[in-house]
Amino acid sequence: MASEYETVLYDVAESVATITLNRPESLNTIVPPMPDEVEAAVERAVADPAVRVIVVRGAGRSFCAGYDFGGGFHHWDEGLTTDGEWDPGKDFVAATAPSLAPTQKFMSVWRAPKPVIAQVHGWCVGGGSDFALCADLVIASEDARIGTPYSRMWGAYLSGMWIYRLGLAKAKEYALTGKPLSGVEAAEVELINKAVPFERLEQEVGETAAALARIPASQLAAMKLVVNHAYENMGIASTQTLGPILDGLMRNTPDAKRFVELAGEGGVPAAVAERDGPFGDYSQAEAGEKPDPNNVIEP
């Protein structure tokens, strides 16, 4: 699979465009220019008349482990700081302007008139889950782990799709606890569409994409548009303004600053161990409560 991008791969086969997050050595954590490249790849697929369906997935052991905060998050400094200090004015503009905001770039899969399937395996957490849930259909491996550890420290909902995909009871439960769900559990609460054994994941996604591709493109676009507008009338745009602004604030509280300092001094594993250790989940879970590390997507 060839690519002219730095952080993603792009391929078209049998009317399906596949966009693969391609930082497998870092569990596809989000760094610049990944949001820009995802948006560019989606626009490319939309413009290609040969493409009927778009699939997004991750290379290696995970779909996406969220935003990369290793090294003090300095790879985002240009849009967040002035003279080495956090600039809240810059931050809220970068978080909300459609031409700048990573959330809005990932939302290109929501806005695309062609159906988008997220193929989820391994870790799909934090901003990675915000991205995956922007897709129209989400199909996961049974052992995937989907969650928002930033609920506990250093963040807030970004795309808001956790809220819109769940009922109130479950939305509050996962917003307040940050606990992860397996692929099976996510399907049971209807956060995602389906969970299948990893061995069947690519086949299931391929069969679903092929079925969609048999439907006229205009029909798919019409049905997607009417459903999207129903949810947009519920206030997605407002949620996506408030959430990223709160995310900026939560990244700069005294607790959050100490969290990032710990990551800088002792490494990201030390920081997440302190955050998640008391709950015994994410990286601190027993082996049986983590994704199988042998389940790897080879582009």
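Keep in mind it's a predicted model, so treat the numbers as computed, not measured.

Draft legend 1. How the structure looks around the sheet that holds strand 7 (residues 123–125). Pairing is mixed in the open sheet, where three strands are placed in the order 7-9-10. The open sheet is flanked by strand 7 and strand 10 (181–182), the only strands paired with a single partner. Pairing analysis gives two bridges linking strand 9 (residues 145–147) to strand 10, with the strands arranged antiparallel. Bridged to Ile146 within strand 10 is Leu181.

Draft legend 2. Region of interest: the packing of helix 3 (residues 88–96) against helix 12 (residues 236–250). Between helix 3 and helix 12, whose axes approach to 9 Å, the crossing angle comes to 145°. For the element pair helix 3 and helix 12, the recorded crossing hand is right-handed. Judged by residue contacts, Asp91, Phe92, Ala95 and Thr96 of helix 3 engage Thr241, Pro244, Ile245 and Gly248 from helix 12. Considering only residue class, the contact of helix 3 with helix 12 consists of four nonpolar, three polar and one charged.

Draft legend 3. Just empty space enclosed by the protein, in detail. Evaluation of the coordinates by the stated rule reveals one cavity of 30 Å³ or more. Here the lining of the largest cavity is built from residues that sort into five nonpolar, three polar and one charged.

Draft legend 4. Region of interest: the sheet that holds strand 8 (residues 137–141). Spatially, six strands are ordered 1-2-3-6-8-11 in an open sheet, and the strand pairing comes out mixed. Either end of the sheet is taken by a strand with one partner, and the two such strands are strand 1 (8–13) and strand 11 (194–196). Looking at each pair of strands side by side, their axes are set apart by 20° on average, direction ignored. As judged from the three bridges shared by strand 3 (residues 53–58) and strand 6 (residues 116–120), these two strands associate in the parallel manner. Directly across from Ile54, in strand 6, lies its bridge partner Val116. Packing of helix 1 (residues 34–47) onto the sheet brings it into contact with strand 1, strand 2 (16–21) and strand 3, and relative to strand 1 it is tilted by some 15°.

Draft legend 5. Geometry of the packing of aromatic side chains. This model, assessed by the stated rule, comprises 12 aromatic pairs. Cation over ring: Arg152 sits above Phe279, and NZ or CZ is 3.9 Å from the ring centre.

Draft legend 6. Main features of the pattern of salt bridges. A full pass over the atoms with the stated rule returns 18 salt bridges. A salt bridge links Glu4 to Arg44; the shortest N-O distance between them is 2.7 Å. Residue Glu4 is found in the segment before strand 1, and its partner Arg44 is found in helix 1; the two are separated by 40 residues along the sequence. We classify Glu4 as exposed; its relative accessible area is 56%. By relative accessible area, Arg44 is classed as partly exposed at 34%. A salt bridge links Asp276 to Arg275, with the shortest nitrogen-to-oxygen separation between them at 2.7 Å. Members of the salt-bridge network, linked through shared partners, are Arg152, Arg275, Asp276 and Asp281.

Draft legend 7. The nonpolar core, seen in detail. Val56, Val120, Trp162 and Leu191 are the most contacted members of the largest nonpolar core, which totals 61 residues. No other element matches helix 1, which puts five residues into this core. If near-sequence neighbours (up to four positions away) are discounted, Trp162 is found in contact with Ser129, Asp130, Leu133, Ile146, Gly147, Thr148, Tyr157, Tyr174, Leu181 and Leu191. Val16, Ile117, Ile139 and Ala213 belong to the second-largest nonpolar core, a separate cluster that totals 14 residues.

Draft legend 8. Up close: the packing of helix 13 (residues 254–266) against helix 14 (residues 268–276). As a packed pair, helix 13 and helix 14 sit with axes 6 Å apart at the nearest point and diverge in direction by 140°. Here helix 13 is positioned oblique relative to helix 14, judged by the angle of their axes. Here Arg258, Phe259, Leu262, Ala263 and Gly266 of helix 13 come into contact with helix 14, specifically with Val268, Ala270, Ala271, Val272, Glu274 and Arg275. Across the contact of helix 13 with helix 14, the residue classes tally to seven nonpolar, one polar and three charged.

Draft legend 9. A look at the pairing of strand 3. Burial analysis of strand 3 places six of its six residues in the buried class, which makes it a mostly covered element. Burial of the side chains of strand 3 extends over both faces: Val53, Val55 and Arg57 are buried on one face and Ile54, Val56 and Gly58 on the other. Looking at chain direction, strand 2 and strand 3 are connected through six bridges and run parallel. Its bridge partner lying in strand 3, Ala17 is registered against Ile54. Handedness of the crossover is the feature at issue here: the chain leaves strand 2, passes through helix 1, returns alongside strand 3, and the resulting connection is right-handed.

Cut-offs applied
- Residues numbered from 1 in each chain as written.
- Predicted model: local features only at pLDDT ≥ 70, side-chain atom pairs only at ≥ 80, totals over all residues.
- Heavy atoms only, no water.
- Pairing = 2+ DSSP bridges.
- Helix = DSSP H or I, 4+ residues; strand = E, 2+ residues; numbered from the N terminus.
- Axes fitted to C-alpha atoms, helices over the stretch in contact; angles between N-to-C directions.
- Left-handed = near helix turned anticlockwise from the far one by under 90°.
- Contact = heavy atoms within 4.5 Å.
- Nonpolar A, V, L, I, M, F, W, Y, C, P; charged D, E, K, R; others polar.
- 1 Å grid on protein atoms, 1.4 Å probe; cavity = no way out; pocket = protein on both sides within 12 Å on 5 of 7 lines; lining within 4 Å.
- Points joined across faces, edges and corners; volume = space filled by probe spheres on them.
- Phe/Tyr/Trp six-rings, centres within 6.5 Å; stacked < 30°, edge-to-face > 60°.
- Lys NZ or Arg CZ within 6 Å of the ring centre and 35° of its normal.
- Salt bridge = Lys/Arg side-chain N within 4 Å of Asp/Glu carboxyl O.
- Buried < 20%, exposed > 50% of the residue type's maximum accessible area, 1.4 Å probe, protein only.
- Core = buried A, V, L, I, M, F, W, Y, C linked by side-chain atoms within 4.5 Å.
- Parallel < 35°, antiparallel > 145°, perpendicular 65-115°, else oblique.
- Right-handed = clockwise from strand over helix to strand, strands pointing away.

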